[in-house]
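# Notes for the structure review
One letter stands for each residue in the lines below.
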Amino acid sequence: MFVDSHCHLDFPDLASNLDELLRNMIDNQVTHALCVSVNLTDFPRVLALAKAHDNLFASVGVHPDYENLDEPDARQLEQLADHPKVIAIGETGLDYYRLKGDLEWQRERFRQHIRAARASKKPLIIHTRSAAEDTLRIMREEAADQIGGVMHCFTESWEVAQQAIEMNFYISFSGIVTFKNATALKDVARKTPLDRMLIETDSPYLAPVPYRGKLNQPAFVRHVAEEIARLRDTDLEAVATATTENFFRLFKATRSNYHTVH
């Protein structure tokens, strides 16, 4: 059994085909998926998906790439997270790759999310790109280790992974780990302890080999697990079991009966 710890099923490319995607999950033994919020305008759509399906969950947060918004504060995020199907705060973090200039607003937004996570006692989903040093610094300054969470779609170095793990975070691998040129990331996947690892699709983006370049979907998360098993020279069941148990331990999510999902 597999769990997709990060997807965007509310995005139009996927939402228009939801029934088929849910069937494909069943066919590939993907039992649950976490639908991740990227802005508060669309959050009701994310929550509605989670409420409508026993095996889907939601998060609430504002992605660092979204500029010129009414900035969320910790109290607002905490209030929105007050629903049993909302199991995480995020995705949040820093992205210095897509946006340039004075990004202090990004750092302040990140701080608000960490404070909301601590207040709501729900873990963080952290996005970091070209910003690892500041991401880790703010995590320390805001005591993110007190609540923990996941470094989603991880693409940083092993050194960054180690520091995150020391702060009570899990490392989540996406389809990128299946790409031939992702040599350094494959090494991180070999070194990350199985009890600190999650798998995800980040669909509709980053489809794994053999679907690279196509529209991604939660069913494809098993290919991420297969590559990690190959890299670690272990059996697929060990990766599937560990990452599934890690998901439910981290997010304290209620397991639906898999057979009732059919």
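Residues numbered from 1 in each chain as written. Predicted model: local features only at pLDDT ≥ 70, side-chain atom pairs only at ≥ 80, totals over all residues. Heavy atoms only, no water.

## Focus on unusual backbone geometry
Here the amide bond leading from serine 203 into proline 204 is cis, since omega sits at 20 degrees, within 30 degrees of zero. Position of proline 204 among the secondary structure elements: in the loop between β8 (197-199) and α9 (221-232). The step from valine 209 to proline 210 runs through a cis peptide bond, and the omega angle for that step is 15 degrees. Here proline 210 lies in the loop between β8 and α9. (Helix = DSSP H or I, 4+ residues; strand = E, 2+ residues; numbered from the N terminus.)

## Describing the UniProt feature "binding site: a divalent metal cation 1" (unreviewed entry) in the chain
Listed under "binding site: a divalent metal cation 1" (unreviewed entry) in the UniProt record, and renumbered for this structure, are His6, His8, Glu91 and Asp202. What stands out for the annotated residues spanning 197 residues is how close their C-alpha atoms remain, the widest pair being 11.2 Å apart. Note on placement: glutamate 91 falls in strand β4 (residues 86-95). Among the residues examined, glutamate 91 registers a relative accessible area of 2% and is labelled buried. If you trace the backbone, aspartate 202 turns up in the loop between β8 and α9. Aspartate 202 sits in the buried class, given a relative accessible area of 9%. (UniProt positions renumbered as here; feature names shortened; annotations may be inferred. Buried < 20%, exposed > 50% of the residue type's maximum accessible area, 1.4 Å probe, protein only.)

## Regarding the pattern of salt bridges
Within this structure, the stated rule accounts for 18 salt bridges. Residue glutamate 71 is joined to arginine 109 by a salt bridge in which the shortest nitrogen-to-oxygen separation is 2.7 Å. Of the two residues, glutamate 71 sits in the loop between β3 (56-60) and α4 (74-80) while arginine 109 sits in helix α5 (residues 104-120), which places them 38 residues apart along the sequence. One salt bridge connects arginine 111 with glutamate 142, and the closest N-O pair in it is separated by 2.9 Å. Of this pair, arginine 111 sits in helix α5 while glutamate 142 sits in the loop between α6 (132-141) and β6 (149-151), and the two are 31 residues apart along the sequence. (Salt bridge = Lys/Arg side-chain N within 4 Å of Asp/Glu carboxyl O.)

## A closer look at the pairing of β4
Most of β4 is tucked away: 10 of the 10 residues are buried. In terms of strand pairing, β4 meets strand β5 (residues 124-129) through 5 bridges, oriented parallel. When the sheet's bridge partners are listed, threonine 92 is paired in β5 with isoleucine 126. (Pairing = 2+ DSSP bridges.)

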